[in-house]
Amino acid sequence: MKTKKIVSRIIYHIFIAGLGFVMIYPVLWMISGSLKDNSEILSGSLSLIPPHWRWENFKTGWAGFGKITFTTYFKNSIIITVIATLGTVISSSLIAYSLARIKYRGNKLIFTIMIATMLLPGQVVMIPQYLIYNRIGWVGTILPLVVPHFFGAPFFIYMMMQFMAGIPRELDEAAIIDGCSKYSVYSRVIIPLLKPALISTIIIQFYWKWDDYMGPLLYLGKPQAYTVSIAVKLFADATSKTDYGPMFAMSTLSMIPVFLIFLFFNRYLVDGISTSGLKG
Amino acid sequence: MSKTKTPAVVSGRTPWNRFAYNNNTVGYVFAAPFIIGFLAFTIIPMLTSLYYSCTDYNMIDKSNWVGFSNYINLFKDERFLKSVGVTLQYVVLSVPIKLAFALFIAFLLTRPSKLVSVYRSLYYLPSLIGGSVAVALVWKELFARKGLININLAKLGIPTINWFGSMTAAKWPIILMTAWQFGSSMLIFAAGLKEIPTSYYEAAKIDGANGWQIFWKITMPCLSPVIMFNLIMQLISSFMVFTQAFVITKGGPNDATMYYALYVYKQGIQMRFMGYASAMSWVMLLIMSAITAIVFKTSKHWVFNESES
């Protein structure tokens with residue numbers, strides 16, 4: 001009986017770890033491809049260890065396109081991502097507080113609209129928004145990519161509301177008895193306790209925005225304004241033969257911020273995603 | 001919202017203070033960003049596009065009112081009808097595969113083991129980076145005609161498939177890529193599984209239920225609200241499929257992967273038929289609302305609500 005248990009446990013671990021390896025194999029293949037040349041990548045070898053470590057791929061890749069290097073693309077991506085993420089976390093927490101904690105006329109309606117917006121696929125508003133941004137002259141600037149984030153993102157509002165449901169209301173009431181107003185309850189009681197949800201929001205929004213391709217594709221006209229995601233795609237669009245090594249080198253670099261989040265904030269990521277699906 | 005009434009704050013007696021600290025004022029002050037954003041970035045654009053959907057607006061020439069002809073043309077446009085078809089096919093194939101896989105892995109990872117959190121991170125990684133262009137490019141090479149997958153299929157003596165050259169095969173790399181990003185659904189399922197009281201399982205075991213019965217009679221009903229949430233979220237995101245198809249297949253071959261969003265982009269942004277693309281957006285809104293409504297309506301029959309029983 002005991003050996004049977006051990007055998008089943010070993011099979012379990014081999015299965016789970018093996019399947020997990022298959023899952024991340026494409027990512028590992030890309031990283032190893034960043035150190036190979038075209039013929040080594042196209043040889044069809046499953047080996048993840050490059051025969052020669054071709055670090056020059058990073059240099060070639062970084063040189064970018066035309067006279068614009070990846071320094072510019074990374075700078076653009078960072079600016080857009082940081083502004084958008086800040087906007088999302090500030091505005092969403094304000095809105096979540098109003099919906100979760102304050103009773104006012106119309107708050108049920110606003111909640112319903114918020115959920116409906118969450119269920120509205122972004123592509124439905126793609127053309128309508130493009131028309132408006134075009135009319136007010138925002139096309140070709142980063143404004144359409146960052147400004148809307150300052151007005152709350154339903155997914156995160158909902159996530160924060162779920163989290164706030166776990167903060168005892170007695171704390172709000174005690175603070176009010178001690179002389180806090182509803183405004184200072186937000187800044188002194190809710191925000192400090194909301195920290196885990198705020199961190200989850202920051203990292204999820206960060207990697208969504210970092211990976212975003214459609215937004216920059218629609219609104220960024222000039223090559224100087226391109227983000228990393230657009231620039232990486234340029235390798236595949238090159239009229240001459242695609243240079244896979246540098247393409248994978250830059251793809252790998254483009255994922256570093258996301259990998260770092262994954263390594264250091266994994267817990268917040270897991271908690272954030274998990275709570276969004278559960279009733280608070 | 002709980003019923004406990006918080007004492008009204010009277011931190012001053014001036015009319016301004018009474019106004020500023022009133023619940024209605026506080027509520028609207030905090031909700032203001034959403035209200036403004038909703039009007040500016042959803043309602044006004046949608047209404048404007050409703051107007052444009054009845055014109056031949058192309059962003060250059062002055063637009064003319066054309067009535068419903070954009071909508072009528074949509075239903076005569078074979079590419080449009082095909083794009084609706086392939087999108088529905090993609091949704092119907094990718095969402096169940098993804099959710100079944102997510103549930104399967106979440107279930108496997110309920111075993112108590114020190115390595116579970118490591119495994120969970122491992123399986124979550126693809127959904128963290130899967131939406132990026134970089135991964136789409138990797139996918140394109142993996143499934144290329146002389147790519148890694150075909151070369152190794154050939155080595156094993158299995159006939160190779162011209163993935164992106166065949167109208168029937170082209171959808172599979174994209175569906176696989178979607179299913180591969182099952183991580184966030186898995187995390188939500190895992191959290192849901194943890195919420196099921198162990199006493200339910202113990203009671204079932206005492207009554208002599210086997211593993212299969214326990215899964216269908218206890219796990220599934222208890223998990224149904226979470227399944228519902230995942231289903232809705234994945235339905236919506238799979239209708240939005242764009243980046244993968246845009247990077248990997250560009251909608252080809254012969255429109256076999258010309259998904260809705262891709263076709264809207266083509267007509268609206270590339271060809272500048274804004275009136276036509278606006279009409280398409282509205283038709284998509286109607287389709288999406290209908291599908292979401294159907295899921296919500298039928299959910300009464302299969303979502304088990306603990307508070308009701």
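Criteria and cut-off values
Residues numbered from 1 in each chain as written. Chains lettered and ligands numbered in written order. Predicted model: local features only at pLDDT ≥ 70, side-chain atom pairs only at ≥ 80, totals over all residues. Heavy atoms only, no water. Helix = DSSP H or I, 4+ residues; strand = E, 2+ residues; numbered from the N terminus. Rg over C-alpha atoms; globule rule 2.2 N^0.38 Å. Contact = heavy atoms within 4.5 Å. Lys, Arg positive; Asp, Glu negative; His and termini not counted. Charge placed at Lys NZ, Arg CZ, Asp CG, Glu CD. Buried area = accessible area lost by both parts, 1.4 Å probe. Salt bridge = Lys/Arg side-chain N within 4 Å of Asp/Glu carboxyl O. Polar contact = N/O pair within 3.5 Å; in protein donor to acceptor, adjacent residues only side chain to side chain. Nonpolar A, V, L, I, M, F, W, Y, C, P; charged D, E, K, R; others polar. Axes fitted to C-alpha atoms, helices over the stretch in contact; angles between N-to-C directions. Parallel < 35°, antiparallel > 145°, perpendicular 65-115°, else oblique. Left-handed = near helix turned anticlockwise from the far one by under 90°. Phe/Tyr/Trp six-rings, centres within 6.5 Å; stacked < 30°, edge-to-face > 60°. Domains from an automatic or database assignment.

What about the overall build of chain B?
Within chain B one finds 14 helices and zero strands. Overall, chain B shows an N-to-C arrangement of helices and strands of α-α-α-α-α-α-α-α-α-α-α-α-α-α. Against the compact-globule benchmark of 19 Å for 309 residues, chain B has a radius of gyration of 25 Å, which places it well outside the compact range. For the C-alpha atoms alone, the extent of chain B along its principal axes is close to 70 × 65 × 35 Å. Partitioning the contacts of chain B with sequence separation of at least 6, the portion at a separation of at least 24 is 67%. Distance between charge centroids for chain B: 6 Å, based on 25 positive and 11 negative side chains.

Focus on the interface of chain B and chain A
Contacts between the two partners involve 104 residues from chain B and, on the opposite side, 102 residues from chain A. Summing the contributions of chain B and of chain A, the shared interface buries around 8,900 Å²; its carbon and sulfur component is 76%. Our count for the chain B to chain A interface comes out at zero salt bridges. For the interface between chain B and chain A, the tally reads 14 residue pairs in polar contact (both at pLDDT 80 or more). At 23 residues, helix α2 (residues 23–52) of chain B tops the list of elements feeding residues into the side of chain B that touches chain A. Here the residues of the side of chain B that touches chain A sort into 71 nonpolar, 24 polar and nine charged.

As for the packing of helix α10 (residues 198–206) of chain B against helix α11 (residues 211–239) of chain B
All names here are of chain B. Across the interface, α10 lies against α11 with an axial gap of 11 Å and an inter-helix angle of 160°. Between α10 and α11, the crossing angle belongs to the class labelled roughly antiparallel. Considering how the two elements wind past one another, α10 and α11 form a crossing that is right-handed. Contacts between α10 and α11 involve Tyr 200, Tyr 201, Ala 204 and Lys 205 on the former and, on the latter, Ile 214, Ile 218, Thr 219 and Cys 222. Tallied by class, residues from the contact of α10 with α11 come to six nonpolar, one polar and one charged.

Considerations on the packing of aromatic side chains
This model, assessed by the stated rule, comprises 49 aromatic pairs over all chains. Taken together, Trp 62, Phe 65, Phe 70, Tyr 73, Phe 74, Phe 206, Trp 210 and Phe 235 of chain A form an aromatic cluster joined through their ring pairs.

Regarding the domain arrangement of chain B
Residue and element names in this part refer to chain B. The assigned domain composition of chain B is domain 1 (15–52) and domain 2 (71–302). Summarising the inter-unit geometry, the C-alpha centres of domain 1 and domain 2 are found 35 Å apart. The tally of links between domain 1 and domain 2 comes to zero salt bridges. Counting across the interface, domain 1 meets domain 2 through two residue pairs in polar contact (both at pLDDT 80 or more). Among the residues forming the side of domain 1 that touches domain 2, the class breakdown is three nonpolar, one polar and no charged.

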